[in-house]
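Understanding the architecture of this molecule
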Amino acid sequence: MAEEPFGPSEPVTFGKRSYSRVLEMIIPEGGPHVRIVSFHLPRFSDTPNVSTQIIASAGATPMTVYALKIVDDVNGGTQITVQTQTISPGPAAGRYWCNIVVTATPLQAVAK
């Protein structure tokens with residue numbers, strides 16, 4: 001199987017594909033109570049369906065997703081950014097990962 005430029009995907013119904021990724025979240029500048037991560041996937045011909053899950057190390061401060069941003073055509077792909085913040089006031093303690101599952105129809109390259 002040839003390596004896909006945006007990582008592996010699974011075929012689903014109606015020409016759509018399912019992508020699953022996990023990345024560690026980082027602390028943005030000036031935001032000790034916030035974590036952020038960006039995923040890069042292929043461009044899509046429809047609006048992607050995105051599901052997120054935050055995975056925390058043992059004893060980590062509880063977090064909630066407060067922003068999900070989808071930007072088309074970033075370096076030839078789609079950028080999906082997930083931002084979280086602490087549920088209770090105060091800085092986040094621990095390590096956090098974000099798991100996303102994206103289902104969408106990949107934009108096919110135009111034949112030349």
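Heads up: the structure comes first, above all this text.
Residues numbered from 1 in each chain as written. Predicted model: local features only at pLDDT ≥ 70, side-chain atom pairs only at ≥ 80, totals over all residues. Heavy atoms only, no water.

**Some details on the sheet that holds strand β1 (residues 10-11)**
The cut-off we apply is this: When DSSP locates at least two bridges between a pair of strands, those strands are taken to pair. Helix and strand definitions follow DSSP, with helices as H or I runs of at least four residues and strands as E runs of at least two, each counted in order from the N terminus.
Pairing within the open sheet is antiparallel, and its 4 strands lie in the order β1-β2-β7-β4. The strands lining the two open edges of the sheet, one partner per strand, are β1 and β4 (49-56). In the sheet, strand β2 (residues 17-24) pairs with strand β7 (residues 96-104) via 8 bridges, with the strands oriented antiparallel. The partner of serine 18 across the bridge, within β7, is threonine 103.

**Brief notes about the side chain of threonine 84**
Cut-off, in case you're wondering: Here's how the labels work: a residue is buried when its accessible area is under 20% of the maximum for its type, exposed when over 50%, partly exposed in between, all with a 1.4 Å probe on protein chains only. Whether two residues touch is decided by their heavy atoms; if any such pair falls within 4.5 Å, the residues are in contact.
Within the secondary structure, threonine 84 sits in strand β6 (residues 77-86). Looking at threonine 84, the relative accessible area reads 0%, which means it is buried. The residues contacting threonine 84, other than those within four sequence positions of it, are Met25, His33, Val34, Arg35, Ile54, Met63, Thr64, Val65 and Tyr66.

**Quick notes on the environment of glycine 90**
Mapped onto the elements, glycine 90 comes out in the loop between β6 and β7. For glycine 90, a relative accessible area of 34% corresponds to the partly exposed category.

**Considerations on the environment of methionine 63**
In this structure, methionine 63 sits in strand β5 (residues 63-74). Measuring from C-alpha to C-alpha, the distance between methionine 63 and proline 11 comes to 32 Å, with 52 residues separating the pair along the chain. Among residues more than four places away in sequence, those in contact with methionine 63 are His33, Val34, Arg35, Thr84, Gln85, Thr86, Ile87, Ala92 and Tyr96.

**Concerning the nonpolar core**
Quick reminder of the rule: By nonpolar core we mean a set of buried residues, namely Ala, Val, Leu, Ile, Met, Phe, Trp, Tyr and Cys, connected to one another through side-chain atoms within 4.5 Å.
Membership of the largest hydrophobic core comes to 17 residues, with the highest contact counts inside it found for Leu41, Val82, Cys98, Ile100 and Val102. Of all elements in the fold, only β3 (34-42), β6 and β7 reach the threshold of two or more residues within this core. Looking at this core, the element that brings in the most residues is β7, giving 5 residues. Ignoring anything within four residues of it in the chain, the contact list for valine 82 reads Met25, Arg35, Ile36, Val37, Phe39, Thr52, Val65, Ala67, Leu68, Cys98 and Ile100.

Coordinates in, geometry out; function isn't part of it.
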